[in-house]
Amino acid sequence: QVQLVESGGGLVQPGGSLRLTCAASGRAFNMYAMGWFRQVPGKERECVSVIARNAGNRYYPDSVTGRFTISRDNAKNTVYLQMNSLKPEDTAVYYCAARATPSETRTFVRRSDYDYWGQGTQVTVSS
């Protein structure tokens, strides 16, 4: 079991940066793959990053590659999403997600891959 709380969202100008934080509570955090998703009204929830249990593998879709960086600190039960060069189309509610996975055989990029979700944090990029 794990509980997730996101923070760090806000209003930023195009080209600016934000760092989102996901704080997890529960046991065996280092056995969870972690992901960040975003969603806007009328659109499906979109995976923007995934990090493996030991941080050895990371995933980014083309829309954010080179601008977003995911990291985790298992000692602190925390994952981060550093977002640079933000664009208006990055505006969305961002969600942290966790999947219990004692072993990893693939990258988990689907909403249905995840067992636990945070409440979301709003990111608005506006000039």
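Residues numbered from 1 in each chain as written. Predicted model: local features only at pLDDT ≥ 70, side-chain atom pairs only at ≥ 80, totals over all residues. Heavy atoms only, no water.

Q: Provide a residue-level description of unusual backbone geometry, including the pertinent values.
A: The residue Ala28 is not glycine, and still its phi comes out positive at about 60°. In this structure, Ala28 sits in the loop between strand 3 (18-26) and strand 4 (32-39). Taking the relative accessible area as the measure of exposure, Ala28 reaches 33% and is therefore partly exposed. Of note in the backbone geometry, Ala55 takes a positive phi value of approximately 65° without being a glycine. By the secondary structure assignment, Ala55 is in the loop between strand 5 (46-51) and strand 6 (58-59). The class for Ala55 is buried, based on a relative accessible area of 18%. (Helix = DSSP H or I, 4+ residues; strand = E, 2+ residues; numbered from the N terminus. Buried < 20%, exposed > 50% of the residue type's maximum accessible area, 1.4 Å probe, protein only.)

Q: Quick one: what's the story with the state of the cysteines, residue by residue and with numbers?
A: Each disulfide is one covalent bond, formed between the sulfur atoms of two cysteines. Within the structure shown, the criterion is met by one disulfide. Each disulfide pairs two cysteine sulfurs, and for Cys22 the partner residue is Cys96, the sulfurs being separated by 2.1 Å. The disulfide joining Cys22 to Cys96 has a torsion of about -80° about its S-S bond and is therefore left-handed. Note that Cys22 is positioned in strand 3 and Cys96 in strand 9 (residues 92-100), a separation of 74 residues in sequence. (Disulfide = S-S within 2.5 Å.)

Q: Just give me the short version of the pairing of strand 5, but keep the residues and values in it.
A: The element strand 5 is extensively covered by neighbouring structure, given that five of its six residues are classed as buried. Relative to strand 5, strand 4 is paired through five bridges, and the arrangement is antiparallel. Its bridge partner lying in strand 5, Phe37 is registered against Cys47. What sits between the antiparallel neighbours strand 4 and strand 5 is a turn of six residues, in which Gly42 has the positive phi angle 85°. Summarising the sheet, strand 5 and strand 6 pair through two bridges and their orientation is antiparallel. Opposite Val50, over in strand 6, you have Tyr59 as the bridge partner. Hairpin connection of strand 5 to strand 6: six residues between the antiparallel strands, including Ala55 at a positive phi of 65°. (Pairing = 2+ DSSP bridges.)

Q: Give me the lowdown on the nonpolar core, citing residues and values where you can.
A: The biggest cluster of nonpolar side chains holds 27 residues, and the ones touching the most others in it are Leu4, Met34, Trp36, Phe68, Leu81, Met83 and Tyr94. Within the residue set of this core, elements represented by two or more residues are strand 1 (2-7), strand 3, strand 4, strand 5, strand 7 (68-73), strand 8 (78-83), strand 9 and strand 11 (121-125). Core analysis: the second largest hydrophobic core is formed by seven residues, Phe37, Cys47, Val50 and Tyr114 among them. (Core = buried A, V, L, I, M, F, W, Y, C linked by side-chain atoms within 4.5 Å.)

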